[in-house]
Amino acid sequence: MIRMVMIRHGKTCGNLQGRYIGVTDEPLCQEGISELKEMEMDTIELLFVSPMRRCMETAELLYPYAKKIQIPELAECNFGEFENKNYQELQDNPKYQEWVDSMATLAFPGGESVQEFKERSIRGFDKVVDTCIRRHYKNVALIVHGGTIMSVMEAYGMPKRAYYDWHVNNGCGYHICLSEQNWKMGRREAVVESEMRR
């Protein structure tokens, strides 16, 4: 079995302000740093990280000793014209209203579609699992984004849940395990052992 902990990065100023933060490469805010410093993590063999600054900083705070492998596919969604804006700033934007009315199924104007983002996130997670199987790692961690976690867990998480039901707060995530044998046979399941909460 491969055991993984998949964690959403710590808080940023954009998170505190309710902004769509995807490709905006902002650092952790002081509150986020303080919260992460209070966390105690189990020892891992390897750490997979989104290349975004907020994830790299989270990785350094939680696992300063760990070898880090950046997986570009695990980066957050590109929110296009909505990037770095919050609901208050977008509420009079007809494109935003159209996106909301679509139940978030339309592509972000000038950005990714939700489907493109999900498929990219899943490719990134597949890379992680394939690396673990190939190099015989049994205990690893991923520091990624809220949307990335929701995408991966909607596809592979057990028990099955809808995309938004996998939402986690900053600094939280899931302890999961998966069977290498099942994975190789095409039964790709990430079984939730526990949820990290604060």
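Refer to the structure printed above.
The rules we used
Residues numbered from 1 in each chain as written. Predicted model: local features only at pLDDT ≥ 70, side-chain atom pairs only at ≥ 80, totals over all residues. Heavy atoms only, no water. Axes fitted to C-alpha atoms, helices over the stretch in contact; angles between N-to-C directions. Helix = DSSP H or I, 4+ residues; strand = E, 2+ residues; numbered from the N terminus. Parallel < 35°, antiparallel > 145°, perpendicular 65-115°, else oblique. Contact = heavy atoms within 4.5 Å. Nonpolar A, V, L, I, M, F, W, Y, C, P; charged D, E, K, R; others polar. Phe/Tyr/Trp six-rings, centres within 6.5 Å; stacked < 30°, edge-to-face > 60°. Buried < 20%, exposed > 50% of the residue type's maximum accessible area, 1.4 Å probe, protein only. Pairing = 2+ DSSP bridges.

S.K.: So what's going on with the packing of helix α6 (residues 114–135) against helix α7 (residues 146–156)? Which residues, and what values?
M.R.: Running from N to C, α6 and α7 cross one another at 80 degrees; their axes reach a closest spacing of 9 Å. Regarding the angle of α6 to α7, the classification is roughly perpendicular. Across the interface between the two elements, F117, K118, S121, I122, F125 and D126 of α6 pack against G147, T148, S151, V152, E154, A155 and Y156 of α7. Grouping the constituent residues of the contact of α6 with α7 by class yields six nonpolar, four polar and three charged.

S.K.: So, the packing of aromatic side chains: which residues are in play, and what are the values?
M.R.: Tallying each qualifying case throughout the model produces 17 aromatic pairs. The interplanar angle of 70 degrees and the centroid separation of 6.1 Å between the aromatic rings of Y20 and Y96 together place this pair among those described as edge-to-face. Here the residue Y20 occupies a position in the loop between α1 (13–16) and α2 (30–37), and Y96 occupies one in helix α5 (residues 94–101), the gap between them amounting to 76 residues. A single burial state applies to Y20 and to Y96, both of which are buried. Plain terms: the ring middles of F125 and W183 are 6.1 Å apart, the flat faces sit at 70 degrees to each other, and that makes the pair edge-to-face. A residue pair is termed long-range when its members are at least 10 positions apart, and F125 in helix α6 and W183 in helix α8 (residues 180–184) qualify at 58 residues. Residues F125 and W183 agree in their burial class; the two are buried. By the ring-pair criterion, three or more aromatic residues cluster together here, those being Y20, F79, F82, Y87, Y96, W99 and F108.

S.K.: Now, about the sheet that holds strand β2 (residues 46–49): what can you tell me, with residues and values included?
M.R.: Sheet architecture is open: seven strands sit in the order β3-β2-β4-β1-β6-β7-β5, paired in mixed fashion. Edge strands, defined here as strands with exactly one partner in the open sheet, are β3 (68–70) and β5 (157–158). Across six bridges, strand β1 (residues 2–8) lies against strand β6 (residues 173–178) in antiparallel orientation. Residue pairing for β6: V5 is matched across the bridge by H175. The sheet strands contacting helix α3 (residues 53–62) are β1, β2, β3 and β4 (139–144), and the helix crosses β4 at an angle near 140 degrees. The strands touched by α6 within the sheet are β1, β2, β3, β4 and β6, with β1 carrying the most contacts at an inclination of about 145 degrees.

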